[in-house]
Amino acid sequence: MADSVVLDPVDLLLLRLLQNDARTTYRDLAAQAGVAPSTCLDRVARLRRSGVILGHELRLDAAKLGRGLQALLSVQVRPHRRELVGPFVERVRALPESRTVFHLTGPDDYLVHVAVADMTDLQRLVLDEFTSQREVARVETRLIFQQWDCGPLLPPGTP
């Protein structure tokens, strides 16, 4: 597990501001944090270098792109050995339908969030891309009726 990074109140405030609107300018961030723009720029750069800020993300509406059906696939891999984990995960990540892949404890080894066009596309995905793989012992599919994003990682209040 990665080591945690020591963050002071200004770092925490900058992170809160950025996670609520990643497009905020450095000038506006600096003004809201009460620091000089150059200080703000240096702090954000340090947060990037240290791996606290992982990047910027563009979110797309899957339904508007023709992938209105989403599902969670619980996948059991047998044998569940290290030499199968990497190739399996990379194969699943390369699928355009895959949104997120989790490696789990418990009876299922992976949970894969997928977005597909319809039930026929979901069936094709499960049969052709998952159960056809020799190491996949079982796939259980759960349709997603609705999804809600949760709040930011850091609370929006002051440090």
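Keep in mind it's a predicted model, so treat the numbers as computed, not measured. (Residues numbered from 1 in each chain as written. Predicted model: local features only at pLDDT ≥ 70, side-chain atom pairs only at ≥ 80, totals over all residues. Heavy atoms only, no water.)

Enquirer: So what exactly am I meant to see when it comes to the overall build of the protein chain here?
Expert: The helix and strand tally for the protein chain stands at five helices and four strands. Compactness check: the protein chain gives a C-alpha radius of gyration of 20 Å against a globular reference of 15 Å for 159 residues, more than 25% above the reference. Relative to its 159 residues, the protein chain shows a buried fraction of 31%. Partitioning the intrachain contacts of the protein chain with sequence separation of at least 6 by distance along the chain shows that 66% fall at a separation of at least 24. Total accessible area computed for the protein chain in this model is approximately 10900 Å², and 55% of it derives from carbon and sulfur atoms. One way to put it: in the protein chain the 20 positive side-chain charges average out to a point 3 Å from where the 20 negative ones average out. (Helix = DSSP H or I, 4+ residues; strand = E, 2+ residues; numbered from the N terminus. Rg over C-alpha atoms; globule rule 2.2 N^0.38 Å. Buried < 20%, exposed > 50% of the residue type's maximum accessible area, 1.4 Å probe, protein only. Contact = heavy atoms within 4.5 Å. Areas by Shrake-Rupley, 256 points an atom, 1.4 Å probe, with all protein chains shown as cover. Lys, Arg positive; Asp, Glu negative; His and termini not counted. Charge placed at Lys NZ, Arg CZ, Asp CG, Glu CD.)

Enquirer: Teacher, can you tell me more about the packing of aromatic side chains here?
Expert: Ring pairs (aromatic) are described by centroid distance and by the angle formed between their planes. On inspection of all chains with the given rule, the structure shows one aromatic pair. For the ring pair Phe88 and Tyr110, a centre distance of 4.6 Å and an interplane angle of 40° mean the geometry is tilted. In this pair, Phe88 sits in helix H4 (residues 82-94) while Tyr110 sits in strand E3 (residues 110-116), placing the two residues 22 residues apart along the sequence. A relative accessible area of 1% places Phe88 in the buried class. Using a relative accessible area of 1% as the deciding quantity, one classes Tyr110 as buried. (Phe/Tyr/Trp six-rings, centres within 6.5 Å; stacked < 30°, edge-to-face > 60°.)

Enquirer: Sorry if this is basic, but what is going on with the nonpolar core here?
Expert: Note that soluble globular proteins tend to have their nonpolar side chains buried in a common cluster. Leu73, Val75, Phe88, Tyr110, Val112, Leu122 and Phe130 are the most contacted members of the largest nonpolar core, which totals 20 residues. Breaking this core down by element, the ones donating at least two residues are strand E1 (69-77), H4, E3, helix H5 (119-130) and strand E4 (136-144). At five residues, E1 tops the list of elements feeding residues into this core. Here Phe130 is in contact with Leu73, Val75, Phe88, Val92, Leu95, Val112, Leu125, Val136 and Val139, once residues within four sequence places are set aside. Leu15, Leu29, Leu47 and Leu154 belong to the second largest nonpolar core, which has 13 residues in total. (Core = buried A, V, L, I, M, F, W, Y, C linked by side-chain atoms within 4.5 Å.)

Enquirer: Teacher, can you tell me more about the pairing of strand E2 (residues 98-103) here?
Expert: Two faces belong to every sheet, and in a regular strand the side chains alternate between them. When E2 meets E3, the two strands line up antiparallel, connected through five bridges. Residue pairing across strands places Thr100 opposite His113, the latter belonging to E3. In sequence, E2 turns back onto E3 through a hairpin of six residues, with Gly106 there showing a positive phi of about 100°. (Pairing = 2+ DSSP bridges.)

Enquirer: Honestly, the side chain of Glu97 in this entry has me stumped. Any pointers?
Expert: Residue placement: Glu97 occurs in the loop between H4 and E2. In this structure Glu97 comes out as buried when scored by relative accessible area, which is 9%. Residues within four places of Glu97 in sequence aside, it is in contact with Arg67, His113, Val114, Ala115, Val116, Arg124 and Leu125.

Enquirer: I would appreciate a short explanation of H5 in the present structure.
Expert: Helical periodicity: at 3.6 residues per turn, an α-helix aligns residues three or four positions apart in one direction. If you check H5, its first and last C-alpha atoms are 15 Å apart, about what 12 residues at 1.5 Å a residue would give, namely 16 Å. Those residues of H5 that sit buried are Asp121, Leu122, Leu125, Val126 and Phe130. Axial view of H5: buried residues confined to an arc of 135°, hence all on one face. (Expected span 1.5 Å × (residues − 1). Arc of directions from axis to C-beta.)

Enquirer: Even after reading the chapter, I still don't get unusual backbone geometry, so can you show me in this structure?
Expert: In most cases, non-glycine residues show a negative phi, while peptide bonds are predominantly trans. Cis geometry is adopted by the peptide bond preceding Pro79, which originates at Arg78 and carries an omega value of -5°. Tracing the sequence through the fold places Pro79 in the loop between E1 and H4.

Enquirer: Explanation requested: the environment of Cys40 in the structure shown.
Expert: One can find Cys40 in helix H3 (residues 37-49). For Cys40, the residues in contact, after removing those within four places along its chain, are Leu14, Tyr26, Leu29, Ala30 and Val35.

Enquirer: It is not clear to me how the packing of helix H2 (residues 26-33) against H3 should be interpreted in this structure. Could you clarify?
Expert: When two helices pack together, their arrangement is given by the angle between their axes and by how far apart the axes lie. It is the contact of H2 with H3, at a shortest axis distance of 8 Å, that shows an interaxial angle of 100°. Here H2 lies roughly perpendicular to H3, going by the angle between them. Here H2 contributes Tyr26, Leu29 and Ala30 to the contact with H3, which in turn contributes Pro37, Cys40, Leu41, Val44 and Arg48. Broken down by class, the residue content of the contact of H2 with H3 amounts to seven nonpolar, no polar and one charged. (Axes fitted to C-alpha atoms, helices over the stretch in contact; angles between N-to-C directions. Parallel < 35°, antiparallel > 145°, perpendicular 65-115°, else oblique. Nonpolar A, V, L, I, M, F, W, Y, C, P; charged D, E, K, R; others polar.)

In short, the description is geometric, and any link to function would need to be established separately.
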